[in-house]
Amino acid sequence: GALVYQYPRRTICKSGTSMRMECQAVGFQATSVAWYRQSPQKTFELIALSTVNSAIKYEQNFTQEKFPISHPNLSFSSMTVLNAYLEDRGLYLCGARTGGNEQYFGPGTRLTVL
Amino acid sequence: AQSVTQPDARVTVSEGASLQLRCKYSSSVTPYLFWYVQYPRQGLQLLLKYYSGDPVVQGVNGFEAEFSKSNSSFHLRKASVHWSDSAVYFCAVRRNNNNRIFFGDGTQLVVKP
């Protein structure tokens, strides 16, 4: 079946440092990958959408300079949180979509910033 | 533009009682509609989805949802809740030719024993 893995599941970084997280699609080819952030007690905000053969599109309030994303092939994507501060803490979800309509979410990477 | 409204931030019901969690959407065309559940300290799990056809869709663990075009709603229901259903439930929409999913603010369900 289709699965999405995220690594690491939990991470802690010092304020001002950077943290890279990975997303792996297993059992299908991800034509697009979306990254979301859930800040404490809030809903999921779309950070950016990466579609094969298209430029990565960032939502308002999120930039490539802060959240650079790599999507080198149809099964893997990574995102880095650069210069992390307290407001960047939360659960980062990766959602990978198949060539059809199905989208699968990973378990998330929980980021704590000290 | 699309948006999702979950008017109830928190719902408390007794175990065994019926449940309805409300979701209203705003979209120029009928979107794809989803309900997800987030258990404490976990990610998202898909409960059910609506693309087209029968407006009542069945999901996992006895959940169902009904799409209403006239009301722009997609309410989630369960006939008899269990304490393990306590979680946060998110309604989400996606335009059918778009990859972007928009989530509501979530409804925290508390099931009292």
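Structural data are supplied above this passage.
Cut-offs used in this document
- Residues numbered from 1 in each chain as written.
- Chains lettered and ligands numbered in written order.
- Predicted model: local features only at pLDDT ≥ 70, side-chain atom pairs only at ≥ 80, totals over all residues.
- Heavy atoms only, no water.
- Helix = DSSP H or I, 4+ residues; strand = E, 2+ residues; numbered from the N terminus.
- Rg over C-alpha atoms; globule rule 2.2 N^0.38 Å.
- Buried < 20%, exposed > 50% of the residue type's maximum accessible area, 1.4 Å probe, protein only.
- Contact = heavy atoms within 4.5 Å.
- Buried area = accessible area lost by both parts, 1.4 Å probe.
- Salt bridge = Lys/Arg side-chain N within 4 Å of Asp/Glu carboxyl O.
- Polar contact = N/O pair within 3.5 Å; in protein donor to acceptor, adjacent residues only side chain to side chain.
- Nonpolar A, V, L, I, M, F, W, Y, C, P; charged D, E, K, R; others polar.
- Phe/Tyr/Trp six-rings, centres within 6.5 Å; stacked < 30°, edge-to-face > 60°.

*Asks:* How should the overall build of chain B be read in this particular structure?
*Replies:* Within chain B one finds zero helices and twelve strands. Helices and strands in chain B line up, N terminus first, as β-β-β-β-β-β-β-β-β-β-β-β. The C-alpha atoms of chain B give 13 Å as radius of gyration, which agrees with the globular expectation for 113 residues (13 Å, within 12%). Overall, chain B is about 40 × 30 × 20 Å in size when its C-alpha atoms are taken along their principal axes. When each of the 113 residues of chain B is scored for burial, the buried share is 45%.

*Asks:* Explanation requested: the interface of chain B and chain A in the structure shown.
*Replies:* Many analyses report the size of an interface as the accessible area lost when the parts associate. Listed by partner, the interface residues are 19 residues for chain B and 20 residues for chain A. Together chain B and chain A conceal approximately 1700 Å² of surface at their shared face, both sides included; 46% is due to carbon and sulfur atoms. In this structure, the connection of chain B to chain A is made through one salt bridge. The salt bridge partner of R100 of chain B is E59 of chain A, with a shortest N-O separation of 2.7 Å. For the interface between chain B and chain A, the tally reads four residue pairs in polar contact (both at pLDDT 80 or more). Taken together, the elements giving at least two residues each to the side of chain B that touches chain A come down to β5 (32-38), β10 (87-94) and β11 (101-103) of chain B. Here the side of chain B that touches chain A gets three residues from one element, more than from any other, and that element is β5 of chain B. Among the residues making up the side of chain B that touches chain A, the classes are represented as seven nonpolar, seven polar and five charged.

*Asks:* Explain the packing of aromatic side chains here, please?
*Replies:* Working definition: an aromatic ring pair is given by the centre-to-centre distance plus the angle between the planes. Inspection of every chain in the model, using the stated rule, returns 17 aromatic pairs over all chains. Put simply, the rings of Y36, F44 and F105 of chain A together with Y32, F34, Y36, Y51, F90 and F103 of chain B touch in pairs and so form one group of aromatic residues.

The values are spatial; any link to function lies outside them.
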